[in-house]
Amino acid sequence: MLVGINCGHTESGPGSGAVGIINESRETRRVGYELIKKLNEKGISTVDCTIDKAPTQARYLARTVEKANSYNLDYFISIHFNSGGGKGVEVYTDDGEKTEKAVRVCDNIASLGFINRGIKNGSGLYVIRRTKAKAMLIEVCFVDSSDAYLYLKVGSEKIAEAIANAIANEPIKDTGNVDNGIKGEGSGYDMKKIVLYKGDIDSLPAVIVSQKYKCPMMKEKDFEESGLRADEIIVLGGKPDSNRYETLKEAAKLV
């Protein structure tokens, strides 16, 4: 079996994803690259169909399909996160076909605590309509609702494991969330480390530091309202008379 994995959207600029409590473009890559790793561990071959940069949204979509169709794929999977304040996981397929694997993806992610929104008609989506392989677009959860807090607790590794097991027709295993900064049950904390930033102007330095430590990041106000707990908290920005450059210098000392 050969599976193409697309970490949805470009990293930034044209074609980039939604931004809420979490950043879609960043999280699609965390889930997608972990998914590639887990599928390979199961003996399933993969192709990375991710496009990081494009001049326009249209070119991003076209390049994604061109890359996917350049291989003789059995399946094409595009990872996304939803927006609009809703809740739950949903999977888009051609004509809304309830394929066994697509249904298992929904069921497996829902078993982690998310609402199961089911299979949707993806015939109007470019990557579903134009790829030659059987395709599914997975909307893991919403970036701008309480879903995001649940996602931070669950972690990208368990999401990837849920999808990988659905593709391989295996039961969900407890991964322990070791590699993405999320602590397991009984630790007293929801995550080992998190980077918090005071305002939007401080978000870029927070991205740099969170990538260095491979941990989640979010606005300090959202973290305080979420009820999440972290063993170690790194706070950037918000100092009197500080600006973007001061925050960048602060971040540089941490990396």
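Small disclaimer: the values here were computed from a predicted structure and weren't measured.

> What's the story with unusual backbone geometry in this structure? I'm lost.
Trans peptide bonds make up most of the peptide bonds, and negative phi angles are found at most residues other than glycine. Of note in this structure, Asp95 is not a glycine but carries a positive phi near 60 degrees. Its identity as a non-glycine residue notwithstanding, Asn169 has a phi of 60 degrees, on the positive side. Note that Asn169 resides in the loop between helix H6 (156-168) and strand E7 (191-197).

> Where do I start with the packing of helix H1 (residues 24-41) against H6 in this structure?
Helix-helix packing is characterised by the crossing angle of the two axes and by the distance between the axes. Contact geometry of H1 with H6 gives a least axis separation of 8 Å together with a crossing angle of 45 degrees. As judged from the angle between their axes, H1 and H6 are oblique. For the element pair H1 and H6, the recorded crossing hand is right-handed. Residues Arg30, Val31, Glu34, Leu35, Lys38 and Leu39 of H1 pack against Ser156, Glu157, Ile159, Ala160, Glu161, Ile163, Ala164 and Ile167 of H6. Here the contact of H1 with H6 is built from residues that sort into 8 nonpolar, 1 polar and 5 charged.

> Got a minute to help me understand the packing of helix H3 (residues 100-110) against H6 in this structure?
At a closest axis distance of 8 Å, the pairing of H3 and H6 adopts a crossing angle of 150 degrees. With respect to each other, H3 and H6 are oriented roughly antiparallel. As for how H3 packs across H6, the hand of that crossing is right-handed. Residues Lys101, Arg104, Val105, Asn108 and Ile109 of H3 touch H6, and the partners they reach there are Ile159, Ala162, Ile163, Asn165, Ala166 and Ile167. Considered class by class, the residues forming the contact of H3 with H6 number 7 nonpolar, 2 polar and 2 charged.

> Help me understand the sheet that holds strand E2 (residues 45-48), please; the structure alone is not making it clear to me.
Sheet strands pair via backbone hydrogen bonds, and the direction of the pair is either parallel or antiparallel. Across the sheet, which stays open at both edges, the 6 strands sit in the order E2-E1-E3-E6-E4-E5 with mixed pairing between neighbours. Looking at which strands have only one partner, the edges of the open sheet turn out to be E2 and strand E5 (116-121). Mean inter-strand twist for the sheet, computed between neighbouring axes without regard to direction, equals 25 degrees. Note that strand E4 (residues 89-93) and E5 share 5 bridges and pair parallel. Bridging from a neighbouring strand, Thr93 pairs with Asn121 of E5.

> Is there a simple way to explain the nonpolar core in this structure?
The tendency in soluble globular proteins is for nonpolar side chains to be buried side by side. Residues Ile109, Ile138, Ile159, Ile163 and Met218 are the most contacted members of the largest nonpolar core, which totals 48 residues. The element that contributes the greatest number of residues to this core is H6, accounting for 7 residues. Each residue touching Ile138, except ones within four places of it in the same chain, is listed here: Ile77, Ser78, Ile79, His80, Glu90, Val91, Val105, Ile109 and Ile163.

> Explain the packing of aromatic side chains to me, please; I cannot follow it from the model alone.
The relative placement of two aromatic rings is captured by the distance of their centres and the angle of their planes. Tallied over the full model, the rule gives 1 aromatic pair. Considering the side-chain rings of Phe81 and Tyr151, the 5.1 Å spacing of their centres and the 80 degrees angle between planes classify their relative orientation as edge-to-face. Separated by 70 residues along the polypeptide, Phe81 in strand E3 (residues 75-82) and Tyr151 in helix H5 (residues 146-154) bring together distant segments of the chain. Residue Phe81 is classed as buried on the basis of its relative accessible area of 3%. Overall, Tyr151 belongs to the buried group, its relative accessible area being 2%. The ring centre of Tyr213 lies 4.7 Å from the NZ or CZ of Lys193, which sits over that ring.

> Before we go on, may I ask you to explain the pairing of E7 in this structure?
Moving residue by residue along a regular strand, the side chains alternate between the two faces of the sheet. Here E7 lies mainly inside the structure; 6 of its 7 residues are buried. Pairing between E7 and strand E9 (residues 230-236): 6 bridges, direction parallel. Note on E9: the bridge partner recorded for Lys193 is Glu232. Bridging between E7 and strand E8 (residues 217-219) involves 3 bridges; their strand directions are parallel. Paired with Val195 across the bridge in E8 is Met217. For the handedness criterion, the β-α-β arrangement of E7, helix H7 (residues 203-213) and E8 is classed as right-handed.

How each quantity is defined
- Residues numbered from 1 in each chain as written.
- Predicted model: local features only at pLDDT ≥ 70, side-chain atom pairs only at ≥ 80, totals over all residues.
- Heavy atoms only, no water.
- Helix = DSSP H or I, 4+ residues; strand = E, 2+ residues; numbered from the N terminus.
- Axes fitted to C-alpha atoms, helices over the stretch in contact; angles between N-to-C directions.
- Parallel < 35°, antiparallel > 145°, perpendicular 65-115°, else oblique.
- Left-handed = near helix turned anticlockwise from the far one by under 90°.
- Contact = heavy atoms within 4.5 Å.
- Nonpolar A, V, L, I, M, F, W, Y, C, P; charged D, E, K, R; others polar.
- Pairing = 2+ DSSP bridges.
- Core = buried A, V, L, I, M, F, W, Y, C linked by side-chain atoms within 4.5 Å.
- Buried < 20%, exposed > 50% of the residue type's maximum accessible area, 1.4 Å probe, protein only.
- Phe/Tyr/Trp six-rings, centres within 6.5 Å; stacked < 30°, edge-to-face > 60°.
- Lys NZ or Arg CZ within 6 Å of the ring centre and 35° of its normal.
- Right-handed = clockwise from strand over helix to strand, strands pointing away.

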